[in-house]
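Letter by letter, the chains look like this.
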Amino acid sequence: MKRFILCCLLLVVMGASTVVYGEKSAPRIGFAVFDYSNAYVAYIRKGVENYCADGKASLQFVDAANDQTRQNEQVLTLIARGVDALIINLVDPGAGQTLLDAAKDAGIPVVFVNRAPMLEILEAWDKCWYVGIDWMAPGLVQADLVKADWNAHRDKMDKNGDGVLQYALIQGNISQQDAIYRTKAINEQFAAWNKDGSMKNEQLAVQEAGWNTTKAKEVMETWLVKYGDKIEAVISNNDAMAMGVIEALRGHGYFDDPNKKVWVYGINALPQVWPLLESEEMAGTILTSPWLQAVASVDILLDSLNGREPLANAGPEFAWSGASGREIRCMDYAIDLDNLKDAKEAYTNCGYAE
């Protein structure tokens with residue numbers, strides 16, 4: 001019955017856009033992407049392609065265009081076409097069980113990348129893994145970066161000279177784990193530093209901007225009307241929103257006068273913010289390396305297919321975590337002007353060309 005269903009779905013979705021790379025004799029990996037238009041995930045996808053360019057695996061990519069029903073059909077189609085393994089970048093984390101069941105029924109290993117399923121799902125099968133970043137880590141590293149700048153440049157950051165960092169926090173989608181945990185990390189670290197006196201701080205405002213540059217610019221415009229020069233730093237859950245913040249600040253002349261400068265921090269170290277770091281309009285960002293996620297996803301599957309312990313010899317940039325023991329968390333790095341080359345190397349490996 002399952003074979004019949006798979007065959008029917010194959011006929012229905014054969015028209016779905018699929019891209020194939022590599023030699024047919026190599027292990028066949030299907031990569032189901034939640035949305036090709038997402039800039040960060042596009043780098044992971046290109047990283048997987050580049051990592052497999054030597055023929056270690058052949059690849060089939062499908063784009064769900066942010067539609068979970070479509071992704072379900074595409075994954076079943078990949079299975080029906082005979083892929084040996086799957087990488088799945090979920091549209092909806094709640095759909096992980098459905099897709100895991102399909103892979104398990106077919107007896108093929110699966111890696112969920114970047115967007116985690118409900119993590120208890122990983123405990124249900126020993127050929128299932130998650131590769132991504134630790135949800136708290138980018139926020140923790142970002143908090144440390146802000147504190148390091150405060151300690152090194154307090155004379156410049158503390159515009160009103162009161163010994164307190166006045167900052168605003170701009171969030172992604174507050175229903176998503178990335179935004180929840182990045183914000184939690186900032187709030188907990190800053191509260192601890194207020195308590196021990198190592199960095200006195202005051203949160204002036206916090207608002208959601210949905211990971212969106214335009215929305216973040218609108219939020220910052222509102223804050224500038226309300227708080228004006230009182231804002232000394234803006235901490236953003238991602239680079240896209242930090243770019244919107246900088247657009248608003250630039251429009252109001254905040255980078256023309258060193259005494260008015262606002263220190264802006266992002267997460268992802270996207271190529272779009274490199275010029276902002278070089279112009280010192282952005283103070284810093286966090287490299288959540290798409291290259292490390294691409295490499296780990298492929299290597300886990302190849303190890304599994306070849307009967308090896310997955311990532312048994314992984315370096316310090318990868319860390320196993322979680323109750324399931326099948327979660328790989330890729331290390332995050334603080335990026336500023338001094339080590340921008342590290343971000344450039346990671347994204348170059350994922351197909352970016354300056």
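Undergrad: Any chance you could break down the overall build of the protein for me, citing the residues and the numbers?
TA: Looking only at helices and strands, one finds 11 helices and 14 strands in the protein. For 354 residues, the compact-globule estimate of 2.2 N^0.38 gives 20 Å, and the C-alpha radius of gyration of the protein, at 22 Å, lies within 12% of that figure. If you line up the protein on its principal axes, its C-alpha atoms span 70 × 40 × 35 Å. Here the protein, with 354 residues, has 53% of them falling under the buried criterion. Contacts in the protein between residues at least 24 apart in sequence constitute 71% of all its contacts with a sequence separation of at least 6. Carbon and sulfur atoms make up 50% of the accessible area of the protein, which totals about 14900 Å².

Undergrad: Outline the packing of helix α5 (residues 137–157) against helix α6 (residues 177–196), listing residues and values.
TA: Orientation of α5 relative to α6, taken along the N-to-C sense of each, is 40 degrees, at an axis distance of 7 Å. With respect to α6, the axis of α5 lies oblique. The two elements α5 and α6 meet at a crossing, and its hand is right-handed. Here α5 contributes Pro138, Gly139, Leu140, Gln142, Ala143, Asp144, Val146 and Lys147 to the contact with α6, which in turn contributes Arg182, Ala185, Ile186, Gln189, Phe190 and Trp193. A breakdown of the residues in the contact of α5 with α6 according to their chemical character gives eight nonpolar, three polar and three charged.

Undergrad: Tell me about the packing of aromatic side chains, and name the residues and values.
TA: Taken as a whole and assessed by the stated rule, the structure comprises eight aromatic pairs. Where Phe31 meets Phe61, the ring centres are 5.6 Å apart and the plane angle is 40 degrees; that geometry is what we call tilted. Taken as a pair, Phe31 in strand β2 (residues 28–33) and Phe61 in strand β3 (residues 58–63) lie far apart in primary sequence, 30 residues in all. Side by side, Phe31 and Phe61 carry an identical accessibility label, which is buried. Look at Tyr167 and Phe190: their rings are 4.9 Å apart centre to centre, the planes differ by 70 degrees, and that puts the pair in the edge-to-face class. One end of the pair, Tyr167, is in strand β7 (residues 165–171); the other, Phe190, is in helix α6, with 23 residues separating them in the sequence. Each member of the aromatic cluster is reached from another via a ring pair, and the members are Tyr43, Trp274, Tyr347 and Tyr352. Of note, Arg115 hangs over the ring of Phe34, and the distance from its end group to the ring centre comes to 3.7 Å.

Undergrad: Describe unusual backbone geometry, and please don't skip the residues or the numbers.
TA: Its identity is not glycine, yet Ala65 carries a phi of approximately 50 degrees, on the positive side. Summarising the element assignment, Ala65 is placed in the loop between β3 and α3 (68–80). The phi dihedral of Trp211 falls on the positive side, at around 65 degrees, and the residue is not glycine. Looking at the element boundaries, Trp211 is found in the loop between β8 (201–208) and α7 (213–227).

Undergrad: Outline the pairing of strand β9 (residues 233–236), listing residues and values.
TA: Side chains on a regular strand alternate between the two faces of the sheet. The two faces of β9 match: Ala233 and Ile235 on one face and Val234 and Ser236 on the other face are all buried. Pairing between β7 and β9: four bridges, direction parallel. Bridge assignment links Ala168 to a residue of β9, and that residue is Val234. Judged from the three bridges that link them, β9 and strand β10 (residues 263–265) form a sheet pairing that is parallel. Directly across from Ala233, in β10, lies its bridge partner Trp263.

Undergrad: For the sheet that holds β10, give the residues involved together with the corresponding values.
TA: If you walk across this open sheet you meet the four strands as β8-β7-β9-β10, and the pairing is parallel. Two strands close off the open sheet at either side, each with one partner strand: β8 and β10. Taking the axes of each pair of neighbouring strands and ignoring which way they run, one obtains an average angle of 15 degrees across the sheet. Across the sheet, α6 is in contact with β7, β8 and β9; its angle to β7 comes to roughly 165 degrees. Relative to β8, α7 is tilted by about 140 degrees, and along the sheet it contacts β7, β8 and β9.

Undergrad: A description of the nonpolar core should follow, citing residues and the corresponding values.
TA: Membership of the largest hydrophobic core comes to 73 residues, with the highest contact counts inside it found for Ile170, Met220 and Trp223. Look past the residues within four positions of Met220 in its chain and what remains in contact with it is Ile231, Val234, Val245, Ala248 and Leu249. One finds Ile79, Val83, Leu86 and Ile121 within the second-largest nonpolar core, a separate group that totals 23 residues.

Undergrad: Quick one: what's the story with the layout of surface pockets, residue by residue and with numbers?
TA: When its volume is computed, the largest pocket comes out at roughly 750 Å³. Considering the residues around the largest pocket, the lining is formed by 29 residues, among which Asn38, Arg115, Gln176, Asp178 and Trp211 are closest to the centre. Looking at the lining of the largest pocket, the elements that each hand over two or more residues are α2 (39–51), α6 and α8 (239–251). Looking at the lining of the largest pocket residue by residue, the class counts come to 13 nonpolar, 12 polar and four charged. Estimates place the volume of the second largest pocket at around 410 Å³. As for the second largest pocket, its lining consists of 17 residues, of which His153, Lys156, Lys261, Trp263 and Glu280 are closest to the centre. For the lining of the second largest pocket, the element with the highest residue contribution is α5, accounting for four residues. Looking at side-chain class alone, the lining of the second largest pocket contains six nonpolar, two polar and nine charged residues.

Parameters and conventions
- Residues numbered from 1 in each chain as written.
- Predicted model: local features only at pLDDT ≥ 70, side-chain atom pairs only at ≥ 80, totals over all residues.
- Heavy atoms only, no water.
- Helix = DSSP H or I, 4+ residues; strand = E, 2+ residues; numbered from the N terminus.
- Rg over C-alpha atoms; globule rule 2.2 N^0.38 Å.
- Buried < 20%, exposed > 50% of the residue type's maximum accessible area, 1.4 Å probe, protein only.
- Contact = heavy atoms within 4.5 Å.
- Areas by Shrake-Rupley, 256 points an atom, 1.4 Å probe, with all protein chains shown as cover.
- Axes fitted to C-alpha atoms, helices over the stretch in contact; angles between N-to-C directions.
- Parallel < 35°, antiparallel > 145°, perpendicular 65-115°, else oblique.
- Left-handed = near helix turned anticlockwise from the far one by under 90°.
- Nonpolar A, V, L, I, M, F, W, Y, C, P; charged D, E, K, R; others polar.
- Phe/Tyr/Trp six-rings, centres within 6.5 Å; stacked < 30°, edge-to-face > 60°.
- Lys NZ or Arg CZ within 6 Å of the ring centre and 35° of its normal.
- Pairing = 2+ DSSP bridges.
- Core = buried A, V, L, I, M, F, W, Y, C linked by side-chain atoms within 4.5 Å.
- 1 Å grid on protein atoms, 1.4 Å probe; cavity = no way out; pocket = protein on both sides within 12 Å on 5 of 7 lines; lining within 4 Å.
- Points joined across faces, edges and corners; volume = space filled by probe spheres on them.

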